[in-house]
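Chain and residue survey
As a plain string of letters, each chain reads:
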Amino acid sequence: MPEPTERRRWLRAHPAQPELQPQQATADVSDAANEAATSSEESGAPAPARVASQWSVPRLPVPALDVAQVESLLLTTVQITTLLGGNVLTRASGFFFRRDDRLFLVTSRHVLFDAETGHLPDAIEIGVHTAAADLARSASVRFPLYADGRGLWHQGRDRGGEIDVAVLEVERGLLPPSAVLHAFAPEHLLSSLSAAEVGLPVLLVGFPLGFHDTLHHLPVVRHAIIASSFGLRFQGQGCFLTDGRAHRGSSGAPVVMRSGDTPSALPWKLLGVHSSRFDMGGRDMAQDESLGLNCAWYADILVTLTG
């Protein structure tokens, strides 16, 4: 055996080779298989089955993620599943709004009731986190939309017509005692509409096409900008436009901007409620692309609906 000094010299000259980890080896096999598949396709021969490298090894247990490690904004928004007779109809987005000691769920009115399309659910279901120390734990909570034949939600209208925003008061007794969530409040609304302007970057927090972090039950965020004069009622209605990619399932998503003068637990300003994509009725579907614009209703309607 070499002496200590000689051993150190030998080790420097012959560094240990790292062992190939199982997932690396699997990925190499996967890449080789996929390359073989590509070669077979080019030659016209039947392609062997492709190997999905990310699923080639057993998934390791995921450590519990504490709520303190997640942005509070993501805990304001939930996925809404609409139901009729217990059967799933659609999925959309919604967020919590607090008024004094009362808690409300906010979404687009057409999520809860849309006579024009015949969308008439009788209940909704949301998922709520139930453990501050582990975001993977959640529970489903169901809320009826009618009692004695009357709708339980509140919606509004103004001189421009119907406003596509609805609020449903949440009975705290229906929520798990350990429910973990954040809620916007009146102090998160803009005190002056001049605080925002056209071109301002904003975020839409929601569940586009139902997509989200299914392990931690968290929404995703899309980027947009304000695309019409903020504070002005676009085409006489209580809404403004955003320019950004939006999909089905985003209806009811909060439209927010970062702010430094709001409570530090939730440092965001609530500007609006995303409703739907905005398009030209006479657009040539073959020649003209979609405008890529969206309608968002001003959030100050929540003061009226929750009063």
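Up top is the structure these notes are about.
Please read these numbers as outputs of a predicted model, since none were measured by experiment.

Here we come to the pairing of strand β2 (residues 87-99). Judged from the eight bridges that link them, strand β1 (residues 77-84) and β2 form a sheet pairing that is antiparallel. Looking at the pairing, V78 lines up with G94 of β2. If you look at the hairpin formed by β1 and β2, you'll find two residues sitting between the two strands, and G85 has a positive phi there, around 60°. Alignment of β2 against strand β3 (residues 102-107), held across five bridges, turns out to be antiparallel.

With that settled, consider the nonpolar core. With 31 residues, the main nonpolar core has V106, V165, F184, L270 and L302 as its most contacted residues. Formed by 20 residues, the second largest nonpolar core is a distinct cluster that contains I124, I126, A166 and L175.

Here we come to the pattern of salt bridges. Where charged atoms from two side chains of opposite charge come close, those side chains can pair. Under the definition given, this model contains five salt bridges. Note that R142 is salt-bridged to E125, the shortest N-O span being 3.1 Å. One end of the pair, R142, is in strand β5 (residues 138-144); the other, E125, is in strand β4 (residues 123-129), with 17 residues separating them in the sequence. One salt bridge in this structure joins R233 and D158, with 2.8 Å as the shortest N-O distance. With R233 in the loop between β11 (220-226) and β12 (239-243) and D158 in strand β8 (residues 153-158), the pair connects residues that are 75 residues apart, well separated along the chain. Judged by relative accessible area, R233 falls into the partly exposed class, the value being 23%.

Moving on: the environment of V256. Structurally, the position occupied by V256 is in strand β13 (residues 254-258). Judged by its relative accessible area of 0%, V256 falls in the buried class. Sequence separation between V256 and V202 is 54 residues, and the spatial gap between their C-alpha atoms is 5.5 Å. In contact with V256, other than residues within four places in its own chain, are L73, F184, V202, L203, W268, K269, L270 and L271.

So, on to the sheet that holds β2. With respect to topology, seven strands assemble into an open sheet ordered β5-β4-β1-β2-β3-β9-β8, the strand pairing being antiparallel. What marks the edges here is a single partner per strand, and that holds for β5 and β8. Sheet twist, expressed as the average angle between the axes of neighbouring strands with direction ignored, equals 35°. Here β1 pairs with β4 via four bridges, running antiparallel.

Under the counting rule described, the total for this entry stands at one cavity of 30 Å³ or more. One number sums up the size of the largest cavity: a volume of about 30 Å³. Lining the largest cavity are I80, L105, T107, L112, I124, A166, V167 and L168. Mapped onto the lining of the largest cavity, the elements with two or more residues apiece are β3 and β9 (161-169).

Conventions adopted
- Residues numbered from 1 in each chain as written.
- Predicted model: local features only at pLDDT ≥ 70, side-chain atom pairs only at ≥ 80, totals over all residues.
- Heavy atoms only, no water.
- Pairing = 2+ DSSP bridges.
- Helix = DSSP H or I, 4+ residues; strand = E, 2+ residues; numbered from the N terminus.
- Core = buried A, V, L, I, M, F, W, Y, C linked by side-chain atoms within 4.5 Å.
- Buried < 20%, exposed > 50% of the residue type's maximum accessible area, 1.4 Å probe, protein only.
- Salt bridge = Lys/Arg side-chain N within 4 Å of Asp/Glu carboxyl O.
- Contact = heavy atoms within 4.5 Å.
- Axes fitted to C-alpha atoms, helices over the stretch in contact; angles between N-to-C directions.
- 1 Å grid on protein atoms, 1.4 Å probe; cavity = no way out; pocket = protein on both sides within 12 Å on 5 of 7 lines; lining within 4 Å.
- Points joined across faces, edges and corners; volume = space filled by probe spheres on them.

Nothing here speaks to function; it is geometry throughout.
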